[in-house]
Amino acid sequence: MLFGKEHVERYQATDGAEGHEWQGTTAALLTTKGRRSGKEHTTPLIYQKYGDDYLLVASKGGADNPPEWYLNLEANPEVGFQVLGDRFRARARTATPEEKPDMWQVMAAAWPDYNEYTKKTDREIPVVVIERV
């Protein structure tokens, strides 16, 4: 099973032939610019297609602090995104309160543990919308 840096490297090298299917769901690669370092960081994340957009969940397993990639995209919403061999520039935003319930259901259907993560923290776990530019 692939994790972290190895997951990113195999995904990039094979255009997702290795790494897109992951633990019964699908993964994409998100590239953000570090809010302090300015360096690019690529993270494999569970995603789902939503109309013309893509969805991610900034859960960090239900931790009280959001994941670093989410803090990075809050500082700079211009991101890179890769689904299989499709690499593109995108803009990331947090789903609005009106959008989130339906989007959450889509993501929880892909990874049911998201519902459990909400029980571990008082933090509002965001759904992130990736919009191709």
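Since we're looking at a predicted model, the values are computed, not measured.

**Quick look at the environment of P66**
Among the structural elements, P66 can be located in the loop between strand 5 (53-57) and helix 2 (68-75). Setting aside residues no more than four positions away along its own chain, P66 makes contact with K60, L71 and R123.

**Some points on the packing of aromatic side chains**
Applying the stated criterion across every chain, the model contains nine aromatic pairs. A ring pair is formed by W104 and Y114, whose centres lie 6.0 Å apart and whose planes are at 55°; its orientation type is tilted. A residue pair is termed long-range when its members are at least 10 positions apart, and W104 in helix 3 (residues 100-110) and Y114 in helix 4 (residues 113-117) qualify at 10 residues. Exposure remark for W104: the relative accessible area of 10% places this residue in the buried category. Exposure remark for Y114: the relative accessible area of 4% places this residue in the buried category. Following the ring pairs from residue to residue traces out a cluster consisting of Y47, Y54, F81 and F88. For the cation-ring pair, R132 lies above F88, with the distance from its terminal atom to the ring centre recorded as 3.7 Å.

Parameters and conventions
Residues numbered from 1 in each chain as written. Predicted model: local features only at pLDDT ≥ 70, side-chain atom pairs only at ≥ 80, totals over all residues. Heavy atoms only, no water. Helix = DSSP H or I, 4+ residues; strand = E, 2+ residues; numbered from the N terminus. Contact = heavy atoms within 4.5 Å. Phe/Tyr/Trp six-rings, centres within 6.5 Å; stacked < 30°, edge-to-face > 60°. Buried < 20%, exposed > 50% of the residue type's maximum accessible area, 1.4 Å probe, protein only. Lys NZ or Arg CZ within 6 Å of the ring centre and 35° of its normal.

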